[in-house]
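Each chain, letter by letter, is given below.
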Amino acid sequence: MKAEMESDVSDFGDDVEEYRKRIEENVRQNQEFLRQLGIDQAKQDLLKFKEKPSKPSQRGLKKEKVLVELLPRRSSLRLQNKTPDGIELPPEGVIARAQFSVPAPDEHPRPPNGPLDMKETLYRTSSEDDHTSITKQILKQKTCTHKPASEDLQRYVDRMSKALMSAESVVKVTPERSFSVAFHPGNSRLLAATGDKWGKLGIWDVESEESSESDGVVCYCPHSRPICGLEFPVFATHSVYTCSYDGSLRHGDLYKEVFDEVYSLPGVLRNFSFTSPNTMLVSQNTGRVALVDTRTASTSAEHTYELADQSLRTVSVHPTQKDYFCTAGVGGVVCVWDLRKVSVKKSKAIVTLEHSGKTLNSAYFSPVTGKYILTTSMDDTLKIFNSSVIDSNMKLRKSIPHNNHIGRWVTGFSASWHPAREDVFVVGSMNRPREITLFSDEGKRLHSFKDDTYLGSVCSLNALHPTRDVVVGGNSSGSLHVFKLNLL
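The rules behind these values
Residues numbered from 1 in each chain as written. Predicted model: local features only at pLDDT ≥ 70, side-chain atom pairs only at ≥ 80, totals over all residues. Heavy atoms only, no water. Helix = DSSP H or I, 4+ residues; strand = E, 2+ residues; numbered from the N terminus. Buried < 20%, exposed > 50% of the residue type's maximum accessible area, 1.4 Å probe, protein only. Contact = heavy atoms within 4.5 Å. Areas by Shrake-Rupley, 256 points an atom, 1.4 Å probe, with all protein chains shown as cover. Patch = residues over 30% accessible without salt bridge, like charges linked within 9 Å, V, L, I, M, F, W, Y side chains within 5 Å. Salt bridge = Lys/Arg side-chain N within 4 Å of Asp/Glu carboxyl O. Polar contact = N/O pair within 3.5 Å; in protein donor to acceptor, adjacent residues only side chain to side chain. Pairing = 2+ DSSP bridges. Axes fitted to C-alpha atoms, helices over the stretch in contact; angles between N-to-C directions. Expected span 1.5 Å × (residues − 1). Core = buried A, V, L, I, M, F, W, Y, C linked by side-chain atoms within 4.5 Å. Phe/Tyr/Trp six-rings, centres within 6.5 Å; stacked < 30°, edge-to-face > 60°.

Asks: Kindly report on the overall build of the protein chain, identifying the contributing residues and their values.
Replies: Regarding its fold elements, the protein chain presents 5 helices and 29 strands. Within the protein chain, the proportion of its 488 residues that are buried is 47%. Counting only contacts in the protein chain whose residues sit at least 6 apart along the sequence, the fraction spanning at least 24 positions is 53%. Here the protein chain displays about 27,400 Å² of accessible surface, and carbon together with sulfur accounts for 51% of that area.

Below, the structure written as structure tokens:
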């Protein structure tokens, strides 16, 4: 057995030796083939190029600093604010104002404090004759009161549906867009007024028969910013009260022919509402409401109440219970307050009526008994709340879908009551063809005032006359549009 194993190993060894010799022969042949191709010589030449010459060490030696002269930085004539000829140009702000007609800071300066002579505030399109004519018409008006209308609503609507517009019932009253609209309450002469973006107050004798360029219009400049509050009070028909973004509230007295300054502050005033013939509440964009006495010589408020954290848009006093008033604004809620319980520091409303949280353009008590509060909101609704009893149980009576998104260049909608009725109110509309819409207190659309020929713009602010079947609307160009009966 042992002999057989040795024989096998011997045979295997011979094979290994033969295999080794075969490998060596292959290697030799390959090297000979590469030599013939010149690969070895190319390899040697390549190694010569890769060798780097050795450099002497610089460690420990100090390097000499080379001083380089820095030349001034080059700047183009454009960056130097110069012309190609090297002429110095004015500052960039001056060039921008000249190119883009940006108003200079003093283009609409605030009028000086104190009383203003009406004739001296006449806008350039008006004359002293226009002023005299309007003054006479206002002073001839009989003292009137907003007696509650006892007439059936349907009869009133039937007559109003016959109100028409003509070329003579559309007049540009102020140079810029309307921020407030009102009727004089007298019934012997139809007088309408509007306040515009740059503090102009225009009064229009709608029934003027004078063939003059003024069209029966007189325009004054008692303010320098939007007139957002405007009223001819029924207890003083010779007066007109205005408040403005310029922070002043003025009393225009047609007897004295002056605009007296009643209240003034550095901020923005939004609107006002009378608590008596001599006192009023004034809303501000700071969330405060000021109590102002028109009889005092001072232009300061008697009291100022901090009621909200954000801007207020309107304040409205209850028509019979004068201690109650409501406010609305950016906060998106209607708050009802008791004047006897508010304090200088932040007070708590006795009733809070929740809306959607979006800005409220206005909230007004109904004018006869105050049993309703009418709101206009940016949530695209008009809402009527039941305020017949002022307590926490006040509920929503009706919510009316209404498009209140008017764009940047149109004054926001603000629904307004008939001054002598609580069952009807008027509001502007985005519908086409353009219209002014009459609603009932139940949210029913009663009538749409339209005229394809003469009404082609959005009348965002509107007013109903207290004793006559007339409606007026103001648009973004300062024009007033009147629908009335008996045009011929």
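Asks: Can you break down a nonpolar patch on the surface residue by residue, with the values?
Replies: A surface patch of nonpolar side chains, amounting to about 380 Å² of accessible area, comprises F33, L34, L37 and I39. Ranked by residues supplied to the nonpolar patch, first place goes to helix α1 (residues 2–37) with 3 residues. Mapped onto the secondary structure, L34 falls in helix α1.

Asks: Tell me about the side chain of T279, and name the residues and values.
Replies: Structurally, T279 can be placed in strand β12 (residues 279–284). Within the structure, the side chain of T279 is placed 2.5 Å from the side chain of T275, a separation counted as a polar contact. Only 2.7 Å separates the side chain of T279 from the side chain of S276, close enough to count as a polar contact. Apart from the residues lying within four places of it in its own chain, the contact partners of T279 are F274, L291, V292 and D293.

Asks: Describe the sheet that holds strand β4 (residues 191–196), listing the residues and the values that go with them.
Replies: Taken in spatial order, the 4 strands of this open sheet run β3-β4-β5-β6, and their pairing is antiparallel. Of all strands in the sheet, those with a lone pairing partner are β3 (178–183) and β6 (217–220), marking the two edges. Direction aside, the axes of adjacent strands within the sheet are offset by 15° on average. The pairing of β4 with strand β5 (residues 201–205) spans 5 bridges and is antiparallel. Each residue of the ladder has a partner; that of T194, found in β5, is G202. Where helix α4 (residues 128–139) meets the sheet, it contacts β4, β5 and β6, and its direction lies at approximately 105° from that of β6.

Asks: Tell me about the pairing of β3, and name the residues and values.
Replies: The two faces of the sheet receive side chains in turn, since in a regular strand these alternate between them. Burial of β3 is extensive: 6 of the 6 residues sit out of reach of the surface. When β3 meets β4, the two strands line up antiparallel, connected through 5 bridges. Residue pairing across strands places S180 opposite G195, the latter belonging to β4.

Asks: Describe the pattern of salt bridges, naming the residues involved and giving the relevant values.
Replies: For the structure shown, the criterion picks out 19 salt bridges. Ionic pairing is found between R340 and D338, a salt bridge with its closest N-O pair at 2.9 Å. Here R340 falls in the exposed class, since its relative accessible area comes to 57%. The class for D338 is buried, based on a relative accessible area of 4%. In this structure, the salt-bridge partner of K383 is D379, at a minimum N-O distance of 3.9 Å.

Asks: Can you break down α4 residue by residue, with the values?
Replies: Taking 1.5 Å of rise per residue, 12 residues should cover 16 Å, and α4 covers 16 Å from first to last C-alpha, within 8% of that figure. Where the residues of α4 are buried, they touch β4, β5 and β6.

Asks: Summarise the nonpolar core; cite the residues concerned and give the values.
Replies: Across soluble globular proteins, nonpolar side chains have a tendency to be buried as a group. Ranked by size, the top nonpolar core spans 18 residues in total, and within it I138, L201, I203 and Y220 carry the most contacts. Secondary structure elements with two or more residues in this core: α4, β4, β5, β6 and β7 (227–231). With near-sequence residues (within four places) excluded, I203 lies in contact with I134, I138, V173, A192, A193, G216, V217, V218, Y220 and F232. With 17 residues, the next largest nonpolar core counts Y156, M165, I436 and F449 among its residues.

Asks: I'd love a proper account of the packing of aromatic side chains, names of residues and values included.
Replies: Taken as a whole, this structure holds 10 aromatic pairs when the rule is applied. Ring centres of Y220 and F259 lie 5.5 Å apart, and the angle between their planes is 70°; this geometry places the pair in the edge-to-face category. Placement of the pair is Y220 in strand β6 and F259 in strand β10 (residues 258–264), with a sequence separation of 39 residues. In terms of burial, Y220 and F259 fall into one category: buried.

Asks: If you had to explain unusual backbone geometry to someone new, which residues and values would you point to?
Replies: A cis amide bond links R432 to the next residue, P433, at an omega of -5°. The residue P433 is located in the loop between β24 (424–428) and β25 (435–440) in this model. In this structure, E257 is a non-glycine residue whose phi angle is positive, near 60°. Locating E257 in the fold gives a position in the loop between β9 (248–253) and β10. In this structure E257 comes out as partly exposed when scored by relative accessible area, which is 24%. You will see that D380, though not glycine, has its phi angle at about 65°, which is positive. Looking at where D380 falls in the secondary structure, it is placed in the loop between β20 (372–377) and β21 (381–386).

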